[in-house]
Amino acid sequence: MKKLLYKVFVNNRVIDSLSSPFISIIVPPIVGLYYGALDIWGDEWKIIKDYKEIHEVIFSGLAGFTIIILFVKGISEQFKGVVNRKYQNLLESIMVFFNDLVKKKKDRFYQKAKKVKPNGDVFKIITQPKDQLEFVLDGAKRLLKNGFDISPKNVAITIIQGIPSEEKWWYEFKCDAQKQHTKAKHIMEGNST
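Residues numbered from 1 in each chain as written. Predicted model: local features only at pLDDT ≥ 70, side-chain atom pairs only at ≥ 80, totals over all residues. Heavy atoms only, no water.

**Student:** Describe in detail the overall build of the protein chain, supporting the description with residues and values.
**Tutor:** A tally of regular secondary structure across the protein chain gives nine helices and two strands. Listing each helix as α and each strand as β along the protein chain from the N terminus yields α-α-α-α-α-α-α-α-β-β-α. Taking 2.2 N^0.38 as the reference for a compact globule, 193 residues should give roughly 16 Å; the C-alpha atoms of the protein chain span a radius of gyration of 32 Å, well beyond that estimate. Counting across all 193 residues of the protein chain, residues that qualify as buried make up 17%. Restricting the contact set of the protein chain to residue pairs at least 6 apart, pairs at least 24 apart contribute 46%. As presented, the protein chain carries roughly 15000 Å² of accessible surface, and 62% of it is formed by carbon and sulfur atoms. (Helix = DSSP H or I, 4+ residues; strand = E, 2+ residues; numbered from the N terminus. Rg over C-alpha atoms; globule rule 2.2 N^0.38 Å. Buried < 20%, exposed > 50% of the residue type's maximum accessible area, 1.4 Å probe, protein only. Contact = heavy atoms within 4.5 Å. Areas by Shrake-Rupley, 256 points an atom, 1.4 Å probe, with all protein chains shown as cover.)

This is the structure:
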């Protein structure tokens, strides 16, 4: 339903045309001048006085059309505002996710760098992939909650590791260790995507 409403009131050519600067800037003054001419000179100008029935139909049509256009534009702007707020929230959530990731890495590097010995394996001391992956999994879960309003209880991010030649599989990382997951072997040997 949301997708249909979005298509009808936000993302289609009619709404784009109604939102164009030409329609917003040029048409209202022209219609206003027409209404003014009917009101001010309606009894004096022959083109208006002699064709009153036609002008009544045109006036009624323009008035109805104006009301419909304003109604549709109002709904469209409301939907666009909601979409823009969600988009802004998603961007902020992504920035927070990456900012936290970079800060965590920077802090770890700073703490580990103090303990590096001249002949030590700098890469092994500073780089801690398991620690990074756990933080990324938790951060991804927060991103899904904050950016997409997905309840954390509906998110289960895991990483399966194994030895394919021995048909051994296990969960190397779980976002939620208390959650009951399908056996890793069943997933890896099944028709899972």
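**Student:** So what's going on with the pairing of strand E2 (residues 168-174)? Which residues, and what values?
**Tutor:** Relative to E2, strand E1 (residues 158-163) runs antiparallel, the two being bridged by six bridges. Directly across from Gln161, in E2, lies its bridge partner Trp170. Connecting E1 to the antiparallel partner E2 that follows it, the hairpin turn spans four residues, and Glu167 within it adopts a positive phi of roughly 55°. (Pairing = 2+ DSSP bridges.)

**Student:** Let's hear about the pattern of salt bridges: which residues, and what values?
**Tutor:** Opposite charge on two side chains allows them to pair when their charged atoms are near. The tally for this structure, following the rule as stated, stands at six salt bridges. Among the charged side chains, a network of salt bridges with common partners joins Lys103, Lys106 and Asp107. (Salt bridge = Lys/Arg side-chain N within 4 Å of Asp/Glu carboxyl O.)

**Student:** I'd like a rundown of the packing of helix H4 (residues 27-41) against helix H6 (residues 52-113), residues and numbers included.
**Tutor:** Relative to each other, H4 and H6 sit at 140°, their axes nearing to 12 Å. Viewed along their axes, H4 and H6 adopt a mutual orientation that is oblique. Along this stretch, H4 crosses H6, giving a crossing that reads as left-handed. For the pair H4 and H6, the contacting residues are Val31, Tyr34, Tyr35 and Leu38 in the first and His55, Ile58, Phe59, Leu62, Ala63 and Thr66 in the second. (Axes fitted to C-alpha atoms, helices over the stretch in contact; angles between N-to-C directions. Parallel < 35°, antiparallel > 145°, perpendicular 65-115°, else oblique. Left-handed = near helix turned anticlockwise from the far one by under 90°.)

**Student:** Run through unusual backbone geometry, naming residues and quoting values.
**Tutor:** Of all residues except glycine, most have a negative phi; of all peptide bonds, most are trans. Positive phi values are uncommon outside glycine, yet Asp149 reaches one of about 55°. Here Asp149 shows up in the loop between helix H8 (129-148) and E1.

**Student:** So what about H6? Which residues, and what values?
**Tutor:** Counted at 1.5 Å a residue, the expected span for H6 with its 62 residues is 92 Å, and the 88 Å between its end C-alpha atoms agrees. Buried residues along H6 sit in contact with helix H1 (2-9), helix H2 (13-18), H4, helix H5 (46-49), helix H7 (122-126) and H8. (Expected span 1.5 Å × (residues − 1).)

**Student:** Report on the packing of H1 against H6, specifying residues and quantitative values.
**Tutor:** Two numbers describe how H1 lies on H6: the axes approach to 9 Å, and their chain directions differ by 125°. As summarised for this structure, H1 and H6 are arranged oblique, according to the angle between their axes. In the crossing of H1 with H6, the sense of the turn from one axis to the other is left-handed. Contact with H1, carried on its side by Lys2, Leu5, Tyr6 and Phe9, involves Val72, Ile75, Ser76, Phe79, Val83 and Lys86 of H6 and no other residues of that element. Of the residues in the contact of H1 with H6, the class split is seven nonpolar, one polar and two charged. (Nonpolar A, V, L, I, M, F, W, Y, C, P; charged D, E, K, R; others polar.)

**Student:** Residues and numbers for the packing of aromatic side chains, please.
**Tutor:** Here the structure, examined in full by the defined rule, presents four aromatic pairs. Centroid distance Trp41 to Trp45: 4.9 Å. Interplanar angle 0°. Geometry classified as stacked. By relative accessible area, which is 34% here, Trp41 ends up partly exposed. (Phe/Tyr/Trp six-rings, centres within 6.5 Å; stacked < 30°, edge-to-face > 60°.)

**Student:** Please set out the side chain of Arg108 residue by residue, giving values where relevant.
**Tutor:** With respect to the helices and strands, the residue Arg108 is situated in helix H6. According to the relative accessible area criterion, Arg108 is buried, its value standing at 7%. In this structure, Arg108 is in contact with Ile126, Gln128, Asp131 and Gln132, ignoring residues within four places of it in sequence.

**Student:** Describe a nonpolar patch on the surface, with residues and values.
**Tutor:** A surface patch of nonpolar side chains, about 700 Å² in accessible area, is lined by Ile40, Trp41, Trp45, Ile47, Tyr51, Ile54 and Ile58. The set of elements that each furnish at least two residues to the nonpolar patch consists of H4 and H6. Structurally, Ile40 can be placed in helix H4. (Patch = residues over 30% accessible without salt bridge, like charges linked within 9 Å, V, L, I, M, F, W, Y side chains within 5 Å.)

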